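Listed here are the chains, written in short residue letters.
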Amino acid sequence: MQWPLAKWAPLISKTPLAFCPYNGSVCCDSAKDLQLQKQFHAMNISDIGCAALMKSILCAMCDQFSAQLFMVESGPREVPVLCSSTQLVNSSQSNRAASSFCSTVWDACQNVSILSSPFASSLQGSNVGPADSGSSKLNQLWQSKSVFCDAFGGSSYDGSICFDGEQVSLEKSETLVLPKGLCLEKIGNGSYLNMVAHPDGSNHAFFSNQAGKIWLATIPEQSSGGTLGLDVSRPFIDLTDRVFFDSSFGMMGMAFHPNFAHNGRFFASFNCDKIRTPGCSGRCACNTDANCDPSKLNSSNAAPPCRYHKVIAEFTANGTISKHSSEQSASPSEVRRIFTLGLPMAFNHGGQILFGPADGYLYVMVGDGAIRDDPYDFSQNKKSLLGKILRLDIDNLPSANDIGDLNLWGNYSVPQDNPFSEDKDLQPEIWALGLRNPWRCSFDSQRPLYFICADTGQDHYEEVDIITKGGNYGWHVYEGPFLFNPQQSPGGITLANSIHPIFPVLGYNHSDINKKEGSAAVSGGYFYRSSTDPCMFGSYLYADLYGSSIWAAAESPENSGNFTTARIPFSCAHDSPNNCSTIPGSSLPTLGYIYSFGEDNRKDIFILASSGVYRVVCPSRCNYTCSKENVTAISLPTHSSGKKLTNLHRVLCLSFYLSSMLYFVI
């Protein structure tokens with residue numbers, strides 16, 4: 001098939017775009033990215049679901065295949081060709097789940113006002129036109145979904161492509177092969193529990209420790225020899241005066257509003273002690289609604305039930321946002337208490353929080369609270385928030401009366417498409433259930449709806465799950481894929497035939513990795529999407545707490561949940577900025593405990609360990625062989641400037657023209 005001619009190839013962006021979630025080969029520079037952001041804000045879309053879809057449609061302009069997406073036989077168009085067929089027939093495009101993105105857009109946006117809507121004008125050369133070009137709603141502009149999708153939809157066939165809400169990805173003939181090893185460099189000596197990339201898209205990231213401090217750090221360039229730019233004496237915020245810090249307690253999570261660079265809103269998830277800390281109060285998770293009596297609970301740590309609380313508090317950096325991100329600081333005064341949950345028992349209670357990149361809602365990971373067995377069956381109890389993943393709307397805040405009338409646990413509202421809309425037995429906040437202690441979840445940066453969580457096991461099995469709306473992950477009926485028989489269950493047992501569990505996509509037995517300790521605990525990671533280690537690209541990285549085991553898992557085909565996984569060797573680069581010690585009698589670096597993983601705006605992956613901060617670097621720095629690390633281009637056309645054009649796919653950018661296709665070999 002012959003594509004329209006164009007002038008030049010996509011840009012290889014040196015820094016991530018601030019607004020559009022595209023990296024690598026893109027058809028936008030920072031100026032175009034800012035223009036799209038202004039266009040999006042001018043639309044003034046009140047519905048968050050519709051807004052997320054419209055943002056993805058605008059940002060398709062930055063896709064490396066934007067020429068094909070925005071060009072049809074009749075000429076250029078204002079919006080990309082929206083996938084409207086139920087399957088991709090004879091397509092070069094990745095075979096994602098069968099769906100009609102055009103229908104999704106109609107369903108979400110038909111009744112929503114969109115100022116200066118790109119759907120308000122008819123397509124050039126099309127016989128179909130809007131019913132009322134002066135309106136701002138789709139159902140006033142277009143007579144029906146079918147008419148709308150006739151005008152803007154298209155299928156992916158015979159080499160054509162369409163837009164399905166995600167960055168276009170072509171099928172690769174090769175099977176994803178697991179990497180030969182993971183090369184690390186040590187860029188920091190501090191011990192941190194959480195890392196979050198700065199939402200402004202810069203080379204800054206936030207790090208926090210369990211005691212309650214958050215720092216803003218500068219990430220050094222790859223292969224620069226630089227170390228983590230972090231001044232321990234100058235935290236971004238210090239919350240140690242209200243955080244109860246113990247082996248099982250502390251500040252377990254932090255999240256920054258997607259629009260933090262403009263509104264300064266951020267959130268901390270921590271524990272407080274109502275005896276020691278004023279203002280530490282709230283309802284107990286063991287209550288009559290959950291068919292639970294606190295007086296009948298066995299005390300834990302010699303503490304009465306619900307002495308300790310799980311808190312999500314909002315803070316602000318408004319008025320202190322500096323022109324230079326590294327100089328930002330925040331006021332320790334709470335703006336509001338978003339969520340408070342009294343913990344009946346003082347153990348596995350999760351604590352991570354993160355924003356969904358596609359919907360903008362806050363996801364809250366909550367463990368079952370028990371040291372073992374989940375004896376009161378909280379994880380399967382649909383009226384309890386323990387052993388669950390919650391999904392909250394923190395942009396549409398309720399009134400004080402609404403909080404009481406709706407029986408809410410704080411200052412948030414409930415998204416109307418949460419699973420309770422289909423299962424009336426569920427507490428409205430619940431997104432997924434049947435988890436023991438979810439420890440580190442993430443969304444794939446290339447598939448913003450792909451939500452993956454590690455869940456720590458008890459006696460035998462550690463697991464990794466793909467989280468879906470309303471999914472039940474089995475605990476305490478199952479531990480991983482195996483039936484579980486609790487030794488104590490005064491609160492009752494859920495029968496296996498009464499649930500439909502979703503079994504883990506990845507996992508490992510305790511005895512396989514830690515015979516000496518007799519135990520294990522999984523730390524969930526990320527899908528690797530950086531170009532630094534091309535042989536690692538697309539693999540999901542996860543590890544065990546005890547620091548001697550890291551896995552890379554390859555999914556094939558994409559979106560199938562079918563993974564091949566292997567423990568991979570890892571070592572420290574000989575030129576690491578900070579010295580890496582080794583485990584006695586082993587070549588492995590001494591990581592200590594692996595608490596968590598992190599991802600920066602370049603999509604580089606970090607390991608947060610008790611011995612320091614480590615970053616994944618080029619495999620050759622550890623003498624690992626990766627055939628993809630050095631890419632050789634053949635038959636390259638030359639730009640008018642005399643520079644060679646390079647890319648891994650045949651790619652075309654909107655309003656740019658190439659005189660021939662580009663082909664590459666690895």
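Just so you know, these numbers come straight off a predicted model, no measurement behind them. (Residues numbered from 1 in each chain as written. Predicted model: local features only at pLDDT ≥ 70, side-chain atom pairs only at ≥ 80, totals over all residues. Heavy atoms only, no water.)

A.B. asks: Describe helix H2 (residues 48-59), with residues and values.
C.D. replies: Each α-helix winds once per 3.6 residues, and so residues spaced three or four apart point in a common direction. With 12 residues, H2 should cover 16 Å at 1.5 Å per step; its first-to-last C-alpha distance of 16 Å lies within 8% of that length. By the burial criterion, the buried members of H2 are Cys50, Ala51, Leu53, Met54, Ser56, Ile57, Leu58 and Cys59. Buried residues along H2 sit in contact with helix H1 (30-43), strand S5 (82-83) and helix H4 (101-109). At the N-terminal end of H2, a side-chain oxygen is found 3.1 Å from the backbone nitrogen of glycine 49, two or three residues along, and the residue is aspartate 47. (Helix = DSSP H or I, 4+ residues; strand = E, 2+ residues; numbered from the N terminus. Expected span 1.5 Å × (residues − 1). Buried < 20%, exposed > 50% of the residue type's maximum accessible area, 1.4 Å probe, protein only. Contact = heavy atoms within 4.5 Å. Polar contact = N/O pair within 3.5 Å; in protein donor to acceptor, adjacent residues only side chain to side chain.)

A.B. asks: Tell me what's going on with the sheet that holds strand S16 (residues 353-355), and back it up with residues and numbers.
C.D. replies: Here we have four strands laid out as an open sheet, ordered S16-S17-S18-S19, and antiparallel in their pairing. In the strand order of this sheet, the two ends are held by S16 and strand S19 (430-433), each with one partner. Taking each pair of neighbouring strands and ignoring which way they run, the sheet shows an average axis angle of 20°. (Pairing = 2+ DSSP bridges. Axes fitted to C-alpha atoms, helices over the stretch in contact; angles between N-to-C directions.)

A.B. asks: Describe the sheet that holds strand S20 (residues 438-444), listing the residues and the values that go with them.
C.D. replies: Pairing is antiparallel across the open sheet formed by four strands, whose spatial order is S20-S21-S22-S25. Each edge of the sheet is formed by a strand with only one pairing partner; in this case those strands are S20 and strand S25 (506-509). The sheet shows a mean angle of 10° between the axes of neighbouring strands, taken without regard to direction. Where strand S22 (residues 461-466) lies against S25, four bridges are found, and the strand directions are antiparallel. Following the sheet pairing, glutamate 463 is matched in S25 by glycine 507.

A.B. asks: Would you mind going over the confidence of the model for the chain in detail, with residue names and values included?
C.D. replies: Averaged over all residues, the pLDDT of the chain is 83; the fraction at 70 or higher stands at 81%. pLDDT under 50 marks residues 86-92. Its contacts with residues more than four places away, or in other chains, come to 20 contacts. Every residue in residues 94-98 scores below 50 in pLDDT, and together they form 17 contacts with partners more than four places removed in sequence or on other chains. (pLDDT = per-residue confidence, 0-100.)

A.B. asks: Account for the environment of serine 384, naming residues and giving values.
C.D. replies: Looking at the secondary structure, you find serine 384 in the loop between strand S17 (362-366) and strand S18 (388-392). Serine 384 sits in the buried class, given a relative accessible area of 1%. Not counting residues up to four positions away in its chain, the partners in contact with serine 384 are Ala290, Phe378, Gln427 and Ile430. For serine 384, the side chain forms a polar contact with the main-chain nitrogen of leucine 386, separated by 3.1 Å.

A.B. asks: Tell me about unusual backbone geometry, and please be specific about residues and values.
C.D. replies: Residues tryptophan 475 and histidine 476 are joined by a peptide bond in cis, for which omega reads 5°. Structurally, the position occupied by histidine 476 is in the loop between S22 and strand S23 (478-479). Looking along the chain, the bond that leaves serine 556 and enters proline 557 is cis, with omega of -5°. Relative to the helices and strands, proline 557 resides in the loop between strand S28 (550-555) and strand S29 (563-567). Phi angles above zero are rare outside glycine, and arginine 440 is one such case at about 85°. Mapped onto the secondary structure, arginine 440 falls in strand S20.

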